[in-house]
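Coordinates in review
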Amino acid sequence: MKIVPTLNFDGNCRKAIQMYEKAFRGQITCLITYGEADDPQYNLLIRDNQKNYIYHSELLIGDQRIIMSDHVDMEFQTCYSNFLTIMYDAKEDVQRAYEIMKEESKTIYPMEAMPYSSCRVVFVDRFGIRWGIMTE
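Description of the structure in this document. The written sequence of each chain sets the order in which its residues are numbered from 1. Under the rules for a predicted model, residues below a pLDDT of 70 receive no local features and side-chain atom pairs below 80 are neither given nor counted, while totals for whole chains, interfaces and linings still include all residues. As a rule here, side-chain values cover all heavy atoms of the structure and leave hydrogens and water aside.

1. Some remarks on the overall build of the protein chain
- For the protein chain, the helix and strand inventory stands at four helices and eight strands.
- Listing each helix as α and each strand as β along the protein chain from the N terminus yields β-α-β-α-α-β-β-β-α-β-β-β.
- For the protein chain, the C-alpha atoms occupy an extent of roughly 50 × 25 × 25 Å along the three principal directions.
- Working definition: with a 1.4 Å probe on protein chains only, accessible area under 20% of the residue-type maximum means buried, over 50% means exposed, and in between means partly exposed. Across the 136 residues in the protein chain, those meeting the buried criterion constitute 39%.
- Long-range pairs, those at least 24 residues apart, make up 56% of the contacts in the protein chain with a sequence separation of at least 6.
- When the accessible area of the protein chain is evaluated, it comes to approximately 8300 Å², of which 47% is carbon and sulfur surface.
- Within the protein chain, one finds 15 positive and 20 negative side-chain charges whose respective centroids are separated by 4 Å. Helical segments are the DSSP runs of H or I of at least four residues, strand segments are the runs of E of at least two, and each set is numbered from the N terminus. Whether two residues are in contact is decided by their heavy atoms: any pair within 4.5 Å suffices. Each accessible area value is a Shrake-Rupley result obtained with a 1.4 Å probe; residue values ignore everything except the protein chains displayed when judging cover. Under this rule, positive means Lys or Arg and negative means Asp or Glu; His and the chain ends count for nothing. Every charge is mapped to an atom, namely NZ of Lys, CZ of Arg, CG of Asp or CD of Glu.

In structure tokens, the structure reads:
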């Protein structure tokens with residue numbers, strides 16, 4: 001059994017997964033639009049401009065998988081109580097990932113050393129996803 005984090009977006013999943021792929025040196029292993037999926041359950045719900053929204057995508061970060069998609073079946077709401085933490089060995093990796101993701105983000109805890117980490121930053125990115133990036 002595995003726990004696989006799943007992130008939902010409001011029409012900007014493609015931009016988000018591309019940014020995460022770059023920031024975390026990940027690999028997009030699956031990217032399917034609603035138009036490509038042709039899922040009868042959703043075909044009646046989607047508008048023409050949503051056919052290029054992401055139905056299902058997967059990003060590998062190291063050996064961890066994250067699933068992502070765009071919401072079309074309910075009103076999108078941002079949730080700040082849950083977030084993902086990315087752990088690196090080196091401070092430089094934390095700085096590099098944050099540098100890619102910090103534009104239009106909202107910092108919750110600035111990048112600094114903590115008793116449990118030589119470098120930690122917590123923020124909400126431009127897509128409304130809360131992240132913690134830190135060293136072990």
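We are not done yet, so read on.
2. What about the environment of methionine 101?
- Following the sequence through the fold, methionine 101 ends up in helix H4 (residues 91-101).
- Considered as a pair, methionine 101 and tryptophan 131 are 30 residues apart in the sequence and their alpha carbons are 9.8 Å apart.
- Among all residues touching methionine 101, those that are not within four sequence positions of it are Met19, Tyr20, Ala23, Phe24, Phe123, Asp125, Trp131 and Ile133.

3. As for the sheet that holds strand S4 (residues 64-70)
- Taken together, the four strands give an open sheet; going across it, the order is S1-S4-S3-S2, and neighbouring strands pair in mixed fashion. Edge positions in the sheet fall to strand S1 (6-9) and strand S2 (27-33), since each of these pairs with one other strand and no more. Ignoring strand direction, the axes of neighbouring strands in this sheet form an average angle of 15°.
- The pairing criterion is simple: DSSP has to find at least two bridges between the two strands. Pairing between strand S3 (residues 54-61) and S4: five bridges, direction antiparallel. Bridging from a neighbouring strand, leucine 60 pairs with arginine 65 of S4. A fitted line through C-alpha atoms serves as each axis, taken over the contacting stretch for helices, and the angle formed by two N-to-C directions is quoted from 0 to 180°.

4. Focus: the nonpolar core
- With 28 residues, the main nonpolar core has Tyr20, Phe24 and Trp131 as its most contacted residues.
- When residues of this core are traced back to their parent elements, those giving at least two are S1, helix H1 (13-23), S3, S4, strand S5 (84-88), H4, strand S7 (117-124) and strand S8 (130-135).
- Of the residues forming this core, the biggest block, six residues, is contributed by H1.
- With residues up to four places along the chain from it excluded, the contact list for tyrosine 20 reads Leu7, Phe9, Arg25, Leu59, Met68, Met101, Asp125, Phe127, Ile129 and Trp131.
- Among the nonpolar cores identified, the runner-up in size contains five residues, and Tyr42, Ile46, Tyr53 and Val72 belong to it. Think of a nonpolar core as a cluster: buried Ala, Val, Leu, Ile, Met, Phe, Trp, Tyr and Cys residues, connected wherever their side-chain atoms sit within 4.5 Å.

5. Quick notes on the pairing of S8
- Where burial is concerned, most of S8 is hidden: six out of the six residues are buried.
- Judged by which residues are buried, S8 turns out to be covered on both faces: Arg130, Gly132 and Met134 on one side and Trp131, Ile133 and Thr135 on the other are all buried.
- Inspection of the sheet shows S5 paired to S8 by five bridges, in the parallel sense. The residue bridging methionine 87 from the neighbouring strand is methionine 134, located in S8.
- As consecutive antiparallel partners, S7 and S8 are separated by five residues, and within that stretch glycine 128 has a phi angle of approximately 90°, a positive value.

6. Regarding unusual backbone geometry
- Of note in the backbone geometry, aspartate 38 takes a positive phi value of approximately 50° without being a glycine.
- Residue placement: aspartate 38 occurs in the loop between helix H2 (34-37) and helix H3 (40-43).
- Residue class for aspartate 38 comes out exposed when judged on its relative accessible area of 52%.
- Even without being a glycine, glutamate 104 presents a positive backbone phi close to 65°.
- Secondary-structure assignment places glutamate 104 in the loop between H4 and strand S6 (106-114).

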